[in-house]
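Structural overview for review
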Amino acid sequence: MSVTPFDALVCPLDGSPLRREGATWRCPAGHSHDIARQGHVHLLPVQQKRSRDPGDSREMVAARRRFLNSGAYGPIAAAVSRAALAKVPAATAVSCLDAGCGEGYYLRQLAAAGSEGPDLALIGVDISRWAVAAAARQDRRPRWVVASNANLPVPSGTLDCVLSLFGFPVHAEFARVLKPGGLLLQADAGDDHLRELREIIYPSLKPRRGFVAPAVEGFVALPGESVRYSLELRDSESIADLLAMTPHLYRASATRRAQLGKLTALSVTVDVRLAQLRRDASGCERAIS
C-alpha cells in the first residue's frame, strides 16, 4: 500500500484544472496559488470567506492535536477506517477526501489502517489555515488544502470516498465530487456524547432525540454504526483540551468554565453515530463557480 497526495485540483476562481509548477499551482488562465513552506496550498478566495480568519483558531487546533494524538478518539478513527476500506480489493487505488479535516488526525489514521490494503490518494480540506498548516507539518503524504466544503477544489466525479466528521456537511457538493457509487462517511454526535461535560456547562440538557439516519438527495443510506464508550480524562489539561476543541467552549459561562478548570479527572461518554451514504448514479452535479 502506498499513500500519495490526491492532486487533481481545480482553480477556485474559474474551475479549470490546476497544474503544479515548482512551488506554485497554476491554471490555464494564469491564476496562481503558492505552496506554503509547510507543504499545503491555500485555495480559499477572499470572496468565499465569511470572516478575516475563518475556522478554528491556532489555540483550538493545538488543543485538538494534543487531545486526538493521545488516542482518546481512537475507536472513532478505527470505525471510520474500517468503513472506508471495507470490501475494497487490495489491488485497487482509493481516493479519499476529508472535508473539514482539522489537523489531519483521521486521514493519518486511515493511512495507518490501510497499510496492508489498497493504494490511497488522500486530500484533506479545511477552512482554517491553522488547522491545515498543522496537518501538513505532521504528515506530508496527503494533499492538504485550505478551502471551503461549499466549494471543494476538485473535479466532479473523481473521488471514491468523502469523510465528514463532526463538521458542516454540504451534501450537494459531496455528491458532485464523488464518483457514482462513491461513499460518504458522516460522523455526528449522539444524544449522550460528552454528556457529563455538558451537564457541567449547561443548566439543563435538551431531551434525547434518538438517531435518525439522514435522508440526503443524491445518496442511498446504508447501515451505519454506533461508537460508544467511556473515556477517562485523568488530568486538568486533557479536560481543558476537550472543552477547547468543542463549540461548548464559547457557550459556557465564566462560572461554568471555572468549575471545569478545577477538575483533575472526569469520566465522559463518547457517543457517535457513523452514517454511511452511497452516492447514487443520479445524484446532483454542478461545477465550481
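Residues numbered from 1 in each chain as written. Predicted model: local features only at pLDDT ≥ 70, side-chain atom pairs only at ≥ 80, totals over all residues. Heavy atoms only, no water.

1. Some words on the packing of helix 1 (residues 58–69) against helix 7 (residues 236–244)
Two numbers describe how helix 1 lies on helix 7: the axes approach to 8 Å, and their chain directions differ by 125°. Put simply, helix 1 runs oblique to helix 7. Helix-helix and strand crossings are classified by hand; for helix 1 and helix 7 the assignment is left-handed. Each of Met60, Ala63, Arg66 and Phe67 in helix 1 lies in contact with helix 7, whose residues at this interface are Ser238, Asp241, Leu242 and Ala244. (Axes fitted to C-alpha atoms, helices over the stretch in contact; angles between N-to-C directions. Helix = DSSP H or I, 4+ residues; strand = E, 2+ residues; numbered from the N terminus. Parallel < 35°, antiparallel > 145°, perpendicular 65-115°, else oblique. Left-handed = near helix turned anticlockwise from the far one by under 90°. Contact = heavy atoms within 4.5 Å.)

2. Focus on the packing of aromatic side chains
Counted under the stated rule, the structure contains 3 aromatic pairs. On the basis of an interplanar angle of 35° and a centroid distance of 6.4 Å, the ring pair of tyrosine 73 and phenylalanine 166 is categorised as tilted. With tyrosine 73 in the loop between helix 1 and helix 2 (74–85) and phenylalanine 166 in the loop between strand 9 (159–165) and helix 5 (171–177), this residue pair connects regions lying 93 residues apart in the sequence. Through pairs of rings, three or more aromatic residues link up here, namely Phe67, Tyr73 and Phe166. (Phe/Tyr/Trp six-rings, centres within 6.5 Å; stacked < 30°, edge-to-face > 60°.)

3. Things to note about the pattern of salt bridges
Counted under the stated rule, the structure contains 14 salt bridges. One salt bridge connects aspartate 53 with arginine 129, and the closest N-O pair in it is separated by 3.0 Å. In this pair, aspartate 53 sits in the loop between strand 5 (41–42) and helix 1 while arginine 129 sits in helix 4 (residues 129–138), placing the two residues 76 residues apart along the sequence. Classification of arginine 129 by relative accessible area gives partly exposed; the value is 39%. For glutamate 173, the salt bridge goes to arginine 176, with nearest N and O atoms at 2.9 Å. Placement of the pair is glutamate 173 and arginine 176 together in helix 5, with a separation of 3 residues, close to one helical turn. Here the two residues glutamate 173 and arginine 176 agree in accessibility, since each one is buried. Taken together, the shared-partner salt bridges connect Asp192, Arg195, Glu199, Arg228 and Asp271 into one network. (Salt bridge = Lys/Arg side-chain N within 4 Å of Asp/Glu carboxyl O. Buried < 20%, exposed > 50% of the residue type's maximum accessible area, 1.4 Å probe, protein only.)

4. A few points about the pairing of strand 8 (residues 143–146)
Side chains Arg143 and Val145 project from strand 8 onto one buried face, and the interleaved Trp144 and Val146 project onto a second face that is buried too. Judged from the 2 bridges that link them, strand 5 and strand 8 form a sheet pairing that is parallel. By the bridge assignment, valine 41 is partnered in strand 8 with valine 145. Strand direction decides the pairing type here: strand 7 (residues 119–126) and strand 8, joined by 4 bridges, are parallel. Along strand 8, the bridge assignment pairs isoleucine 123 with arginine 143. (Pairing = 2+ DSSP bridges.)

5. A closer look at the confidence of the model for the protein chain
Any segment with low pLDDT has predicted coordinates that should not be analysed in fine detail. Summing up the model confidence of the protein chain, the mean pLDDT is 90 and the portion of residues at 70 or higher is 94%. Taken together, the stretch residues 283–289 has pLDDT below 50 and engages in 22 contacts with residues farther than four places along the chain or on a different chain. (pLDDT = per-residue confidence, 0-100.)

6. With respect to the side chain of histidine 248
Assignment of secondary structure puts histidine 248 in helix 8 (residues 248–251). For histidine 248, a relative accessible area of 11% translates into the label buried.

7. Comments concerning the layout of surface pockets
Looking at the second largest pocket, its volume works out to about 310 Å³. Lining the second largest pocket are 16 residues; nearest its centre among them are Ala84, Ala86, Val88, Leu183 and Arg278. For the lining of the second largest pocket, the secondary structure elements donating two or more residues are helix 2, strand 6 (93–99), strand 9, strand 10 (178–189) and strand 12 (266–279). Looking at which element gives the most residues to the lining of the second largest pocket, the answer is strand 10, with 3 residues. For the lining of the second largest pocket, the residue count by class is 9 nonpolar, 4 polar and 3 charged. (1 Å grid on protein atoms, 1.4 Å probe; cavity = no way out; pocket = protein on both sides within 12 Å on 5 of 7 lines; lining within 4 Å. Points joined across faces, edges and corners; volume = space filled by probe spheres on them. Nonpolar A, V, L, I, M, F, W, Y, C, P; charged D, E, K, R; others polar.)

8. Considering unusual backbone geometry
Here phenylalanine 166, not a glycine, exhibits a phi torsion of approximately 60°, which is positive. For leucine 194, which is not glycine, the phi torsion reads 55° and is therefore positive. The topology assignment puts leucine 194 in the loop between strand 10 and helix 6 (195–201). A relative accessible area of 3% means that leucine 194 is categorised as buried.

9. A look at the sheet that holds strand 2 (residues 19–21)
In spatial order, the strands read 2-3-4; together these 3 strands make up an open sheet with antiparallel pairing. Edge positions in the sheet fall to strand 2 and strand 4 (32–34), since each has one partner strand and no second. Neighbouring strand axes in the sheet, compared pairwise and without regard to direction, differ in orientation by 30° on average.

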